[in-house]
Amino acid sequence: MKTVSITSSAVVALLLAGCSVSDNSFAYLGPEAGAEINDANLGVSTAHNVAILSGQLGTMAANLTRKFAAEAPAQINFSFNSAALDATAQSQLRRQAEWIKAHPQIVFRVYGHTDKVGSNAYNRRLGKQRAVAAVNYLVSQGVDRRKVQAVASFGETRPVVLTEGPSRANRRTVTEVYGFARKGRASDLDGKYAKYVYDQYISTTYTTEDTTE
């Protein structure tokens, strides 16, 4: 067995590389679900791209997303042809908001989905409206708007249930971890924050079978 670990120096190097991203609000953690329709992160440094392609940062984001989904309902559902939040959706979003506020160093993106009834263009708009509704409600619950964004809509293109008809399961938004907040303040990289990042990288340590003889 081979054990691959991430040292503290590697973490520092990755953090410094991430600071070259032109977006001053988000530190990119790899290709999230909306990567194919959102190319705003082109132009990051070579070192940071290497980290993304190696899977280290993507694995970290995936791990955090799984942790979030295990502790708060990451998905909410909608009535047919509606972006209105019912009582259940509001309750689930309040739980999301509490988790997000308890982890201020993490930033999120909310993706809107629809079922396959209606045109693709209409469904894309409706999916975005659902994502915006979810984000606005999170903000109303005290979440910093800079920490959660409705950036894309998949419309009908990623169903949970494979059906051409109406499906409540497909009419949803999904909240996912996107990266770490980065606003250039010293507090963003203080000892407590750096330790958190380091611990999360250590959690992505993995083992692989040694196939050499």
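Residues numbered from 1 in each chain as written. Predicted model: local features only at pLDDT ≥ 70, side-chain atom pairs only at ≥ 80, totals over all residues. Heavy atoms only, no water.

### Quick look at the overall build of the chain
Using the following cut-off: Helix and strand definitions follow DSSP, with helices as H or I runs of at least four residues and strands as E runs of at least two, each counted in order from the N terminus. Only protein chains enter the accessibility calculation, which uses a 1.4 Å probe; a residue is then buried when its area is under 20% of its type maximum, exposed when over 50%, and partly exposed in between. In short, Shrake-Rupley with a 1.4 Å probe defines the accessible areas, and a residue's cover is counted only from the protein chains shown.
Helix and strand counts for the chain stand at 6 helices and 7 strands. For the chain, the succession of helices and strands along the chain, N to C, is β-α-β-α-α-β-α-β-α-β-β-α-β. Each of the 213 residues in the chain was classed as buried or not, and the buried ones make up 44%. A total of about 10,700 Å² of accessible surface is found on the chain, and carbon and sulfur atoms cover 55% of it.

### Let's talk about the nonpolar core
For clarity, the cut-off: Think of a nonpolar core as a cluster: buried Ala, Val, Leu, Ile, Met, Phe, Trp, Tyr and Cys residues, connected wherever their side-chain atoms sit within 4.5 Å. Residues are treated as being in contact if the distance between any of their heavy atoms lies within 4.5 Å.
In terms of nonpolar packing, the biggest core is built from 27 residues, with L85 and F108 touching the most fellow members. Only α3 (56-71), α4 (87-102), β4 (106-113), α5 (120-140), β5 (148-155) and β6 (172-181) provide two or more residues apiece to this core. It is α5 that provides the largest number of residues to this core, a total of 6 residues. Residue contacts for F108: discarding those within four places in its chain leaves F68, W99, I100, K147, V148, Q149, T175, E176, V177 and Y178.

### Overview of unusual backbone geometry
At N81, a position not held by glycine, the phi torsion is positive, near 55°. Considering the arrangement of structural elements, one finds N81 in the loop between β3 (75-77) and α4. N81 gets classed as partly exposed once you look at its relative accessible area, which sits at 43%.

### Overview of the confidence of the model for the chain
Close reading of the predicted structure is inappropriate where its pLDDT is low. Test applied: pLDDT expresses how confident the predictor is about each individual residue, on a scale running from 0 to 100.
Scored by pLDDT, the chain has a mean of 74; 58% of the residues are at 70 or more. Per-element confidence in the chain ranges from a low mean pLDDT of 38 for strand β7 (residues 206-208) to a high of 98 for β3. This stretch, residues 11-53, has a pLDDT under 50; its non-local contacts, to residues over four places away or in other chains, come to 78 contacts. Segment residues 184-189: pLDDT under 50, and 7 contacts once partners within four positions in sequence are set aside and those in other chains are kept.

### Comments concerning the environment of A169
Mapped onto the fold, A169 is located in the loop between β5 and β6. Its relative accessible area of 28% is what places A169 among the partly exposed residues. Measuring from C-alpha to C-alpha, the distance between A169 and S79 comes to 9.9 Å, with 90 residues separating the pair along the chain. Those residues in contact with A169 that sit more than four places away from it in its chain are Q75, N77, V160 and V161.

### With respect to the pattern of salt bridges
Worth spelling out the cut-off: Salt bridge, as applied in this entry: a Lys or Arg side-chain nitrogen positioned within 4 Å of an Asp or Glu carboxyl oxygen.
Enumeration over the complete set of coordinates arrives at 6 salt bridges. The partner of D86 in a salt bridge is R168, and the shortest N-O contact between them spans 3.1 Å. Residue D86 is located in the loop between β3 and α4, and its partner R168 is located in the loop between β5 and β6; the two are separated by 82 residues in the primary sequence. The salt bridge partner of D144 is R146, with a shortest N-O separation of 2.7 Å.

### A few points about the side chain of E156
Put simply, the rule is: Here a polar contact is taken to be a pair of N or O atoms separated by no more than 3.5 Å, where protein atoms must pair a possible hydrogen donor with a possible acceptor and residues adjacent in sequence count only if both atoms sit in side chains.
Structurally, the position occupied by E156 is in the loop between β5 and β6. Within polar-contact distance, the side chain of E156 engages the side chain of N123 at 2.6 Å. Apart from residues no more than four positions distant in its own chain, E156 is found in contact with T114, D115, K116, G118, S119, N120 and N123.

### Quick look at the packing of aromatic side chains
Put simply, the rule is: Ring geometry is summarised as follows: Phe, Tyr and Trp rings, the Trp one being its six-membered ring, pair when their centres sit within 6.5 Å, and such pairs are stacked at plane angles under 30 degrees, edge-to-face over 60 and tilted between the two.
Counted under the stated rule, the structure contains 4 aromatic pairs. When the centroid spacing of 5.1 Å and the interplanar angle of 55° are considered together, the rings of F68 and F108 count as tilted. One end of the pair, F68, is in helix α3; the other, F108, is in strand β4, and 40 residues separate them in sequence. Residue class for F68 comes out buried when judged on its relative accessible area of 0%. Seen from their ring centres, W99 and F108 are 6.1 Å apart, and the 85° between their planes marks the pair as edge-to-face. Overall, F108 belongs to the buried group, its relative accessible area being 0%. Taken together, the ring pairs in this structure connect F68, W99 and F108 into an aromatic cluster.

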